[in-house]
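Close look at the chain arrangement
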Amino acid sequence: MIKQLFYIYITIVILLLIYKYVRKKKIIICFFGTCSRSIKYTHKNLKDKLINIVKKEYEVDIYIFNNNVEGEKIDNIIQNNDDVKLLQSDFYQEETQSYIDENIKNNFNLYESEKMGFQKRYNRGQKINAIRQMYSEEKIGNFLNKNKDNYDCAIVCGPDYYLLDNINLEHI
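Residues numbered from 1 in each chain as written. Predicted model: local features only at pLDDT ≥ 70, side-chain atom pairs only at ≥ 80, totals over all residues. Heavy atoms only, no water.

1. Re the side chain of Ser-38
Short version of the rule: Each helix corresponds to a stretch of at least 4 residues labelled H or I by DSSP, and each strand to a stretch of at least 2 residues labelled E; elements are numbered beginning at the N terminus. Pairs of N or O atoms within 3.5 Å make up the polar contacts considered here, provided that, within protein, one atom can donate a hydrogen while the other can accept it, and that residues adjacent in sequence are counted only when both atoms are side-chain atoms. Residues count as neighbours in contact if any of their non-hydrogen atoms are within 4.5 Å of one another.
Checked against the element boundaries, Ser-38 lands in the loop between strand S1 (26-33) and helix H2 (39-55). Among the polar contacts listed, one links the side chain of Ser-38 to the side chain of Asp-160, at a separation of 2.4 Å. When neighbours within four sequence positions are excluded, Ser-38 is seen to be in contact with Pro-159 and Asp-160.

Shown next, in the form of structure tokens:
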């Protein structure tokens, strides 16, 4: 009986070790910010130079936190918020910019605060956009913290980025 239990124990240990070293590692690729601004121009590049490269070696999920500008113009262009679907995310979270602004104003009082160190040349609008970006990045951090046991690694990328080179898998 003890001999049989020992063999069962050894078999379980071996199977766990095989699982740990043979399974594909799982990675989450996170995008944040006003995704509608440029994703229609960058999604193919992000898929080709980042997402599809990583998928060759890893199991990949995609998380997006989107700042929905609610039909407002950015650089004199009305945004199509449906463009964010071009990345086909596994997890999607969205807040409207008016909600984000109200949340920041009520909970952090950063817009008028002297505690925030910005470039002297930044105007009020640039400061607000910088705080919105930090808010979006915080949402990524909250998601990762809540799901840290589900992933071996995270890659965080802005949806505006146009990558010149493929991601180097050795750097992951």
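2. What about the packing of aromatic side chains?
Applicable threshold: Only Phe, Tyr and Trp rings are paired, with Trp represented by its six-membered ring, and only when their centres lie within 6.5 Å; those with planes under 30 degrees apart are stacked, over 60 edge-to-face, the remainder tilted. Summary of the burial criterion: residues with accessible area below 20% of their type's maximum are buried, those above 50% are exposed, and those between are partly exposed, where the area comes from a 1.4 Å probe applied to protein chains only.
Taken as a whole and assessed by the stated rule, the structure comprises 3 aromatic pairs. Taking 5.3 Å as the distance between ring centres and 55° as the angle between the ring planes, the aromatic pair formed by Phe-91 and Phe-143 counts as tilted. With Phe-91 in strand S5 (residues 91-96) and Phe-143 in helix H4 (residues 124-146), the pair connects residues that are 52 residues apart, well separated along the chain. Judged by its relative accessible area of 31%, Phe-91 falls in the partly exposed class.

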